Amino acid sequence: ELINTDAYAVKTFGPNNLVIYGEFMQPEDFTFNLSGWNYISYPRYYPEDVEVALANLDGNIKLVKDDSGNIYWPELDINTMNQMESGEGYAVKVIENQEFSYDSNSSSTQWAYIGLESAERLGLDLPVYYNSVHQTTTNMTIGLPLSSWVDFDIQEGDELAVYDSQNNLVGVKVLDYGNNAITIWGDDVSSFDKEGMVEGEVFSIELWQSSSNKVFDLDFIWEEGSDMFSANGINISSEIIVQDKVESHISSLVCFPNPSSGDFDV
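Computed from a predicted structure; not experimentally measured.

### Here we look at the overall build of the protein
So, point 1. The number of helices and strands found in the protein is one helix and 17 strands.
So, point 2. Counting the 266 residues in the protein, one finds 41% classified as buried.
So, point 3. Within the protein, residue pairs in contact and separated by at least 24 positions form 71% of the contacts whose partners lie at least 6 positions apart.
So, point 4. When the accessible surface of the protein is summed, it comes to about 15,700 Å², and 48% of that surface belongs to carbon and sulfur atoms.

### Remarks on unusual backbone geometry
So, point 1. The phi angle at Asn 82 is positive, at roughly 65 degrees, despite the residue not being glycine.
So, point 2. With respect to the helices, strands and loops of the structure, Asn 82 is situated in the loop between β6 (78-79) and β7 (83-84).
So, point 3. Residue classification places Asn 82 among the partly exposed positions, given a relative accessible area of 29%.
So, point 4. Even without glycine at this site, Asn 167 takes up a positive phi of about 65 degrees.
So, point 5. Secondary-structure assignment places Asn 167 in the loop between β12 (159-163) and β13 (169-174).

### Remarks on the nonpolar core
So, point 1. By size, the foremost hydrophobic cluster in this structure holds 23 residues, and its most contacted members are Trp 149, Leu 160, Ile 184, Phe 203, Leu 207 and Leu 218.
So, point 2. Mapped by element, the contributors of at least two residues to this core are β10 (139-144), β12, β14 (180-185), β15 (204-209), β16 (214-224) and β17 (234-244).
So, point 3. Of all the elements, β16 adds the most residues to this core, at four residues.
So, point 4. One finds Ala 53, Val 64, Tyr 90 and Val 94 within the second-largest nonpolar core, a separate group that totals 19 residues.

### Quick notes on a nonpolar patch on the surface
So, point 1. Taken together, the side chains of Leu 2, Ile 3, Tyr 8, Val 10, Leu 18 and Ile 20 present a nonpolar region at the surface, about 640 Å² in accessible area.
So, point 2. Locating Val 10 in the fold gives a position in the segment before β1 (32-34).
So, point 3. Among the residues examined, Val 10 registers a relative accessible area of 56% and is labelled exposed.

### Let's talk about the confidence of the model for the protein
Any residue range with low pLDDT should be treated as having predicted coordinates unsuitable for detailed reading.
So, point 1. In this model, the protein carries a mean pLDDT of 87, and residues with pLDDT of at least 70 account for 86%.
So, point 2. Predicted confidence for residues 111-122 stays below pLDDT 50, and this span has 20 contacts to residues more than four positions away or in other chains.

### What about the packing of aromatic side chains?
So, point 1. Within the structure shown, the criterion is met by 12 aromatic pairs.
So, point 2. Relative to Tyr 102, the ring of Phe 100 has its centre 4.9 Å away and its plane inclined at 70 degrees; by these criteria the two rings are edge-to-face. Residues Phe 100 and Tyr 102 agree in their burial class; the two are buried.
So, point 3. Of the aromatic side chains, those joined through ring pairs into one cluster are Phe 30, Phe 32, Tyr 42, Phe 100 and Tyr 102.

### Details of the pairing of strand β4 (residues 61-65)
So, point 1. Taken across its five residues, β4 has five buried, putting it largely inside the fold.
So, point 2. Examined bridge by bridge, β4 and strand β8 (residues 89-94) share four bridges and lie antiparallel to one another. For Val 64, the partnering residue across the bridge sits in β8 and is Val 92.
So, point 3. Bridge count between β4 and strand β5 (residues 71-73): two bridges; the pairing is antiparallel. By the bridge assignment, Val 64 is partnered in β5 with Tyr 72.

### Concerning the pairing of β14
Within a regular beta strand, the side chains point alternately toward one face of the sheet and then the other, so they alternate between its two faces.
So, point 1. The buried fraction of β14 is high, at six of six residues.
So, point 2. By the alternation rule, side chains of β14 split into Asn 180, Ile 182 and Ile 184 and Ala 181, Thr 183 and Trp 185, which are all buried.
So, point 3. Of the strand pairs in this sheet, β10 and β14 are connected by six bridges, and their pairing is antiparallel. Residue pairing in the sheet places Leu 144 in a bridge with Asn 180 of β14.

Rules and cut-offs
Residues numbered from 1 in each chain as written. Predicted model: local features only at pLDDT ≥ 70, side-chain atom pairs only at ≥ 80, totals over all residues. Heavy atoms only, no water. Helix = DSSP H or I, 4+ residues; strand = E, 2+ residues; numbered from the N terminus. Buried < 20%, exposed > 50% of the residue type's maximum accessible area, 1.4 Å probe, protein only. Contact = heavy atoms within 4.5 Å. Areas by Shrake-Rupley, 256 points an atom, 1.4 Å probe, with all protein chains shown as cover. Core = buried A, V, L, I, M, F, W, Y, C linked by side-chain atoms within 4.5 Å. Patch = residues over 30% accessible without salt bridge, like charges linked within 9 Å, V, L, I, M, F, W, Y side chains within 5 Å. Salt bridge = Lys/Arg side-chain N within 4 Å of Asp/Glu carboxyl O. pLDDT = per-residue confidence, 0-100. Phe/Tyr/Trp six-rings, centres within 6.5 Å; stacked < 30°, edge-to-face > 60°. Pairing = 2+ DSSP bridges.

Next up, the structure:
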């Protein structure tokens, strides 16, 4: 059975519109028993600011994230999610076990909406230097407080990139001037290719500075977590040390056929 209170991750071979049939339940009529990580639905008619929709959990939320990597992190005052929306699933981690119910549809601040229109989802800022990453059903979140940058001033538009042990790009973030967070995506177990990180794998992070067009290596001292990937893991940095990028140089290269023209992969 599909259960109204649960959220589900569905992978398809191509684009699909899924039409779900069932009995509608008033959101205030059922209770979520939250403990640790939970994957819950949003059964209300209208989109709502995440702080308002989850007001009954005030003070007990560690992290909320959607399937695109947007997050609501009260501890670090980070909110890239903005609104919760009908038909979406959300991963919610609570600090203490708690029963939770959404408010009724009649209490929504979105009654100006006619019908079941959805608010625009702002989503994540798109990078200009790094490529986009493959999103899967598992990820971890790294919090980067502004105070943790040591002797380096970040600027809006700077970009972070996360790489796995095979130098695959597994996370990208366009920085704001403030507290930031970056999502690292896990591997898709239903695929033969490696699109993300596996449990316990070491990751590395670099920064592209938009003003100088320079790339820097980052070292971390962690307040929470480590340099290893953990599904649904939560890291918080206490210090971020920015160092000049160490480039690899090729001492000798044999090319066949010679002469050749065009682009080559090494």
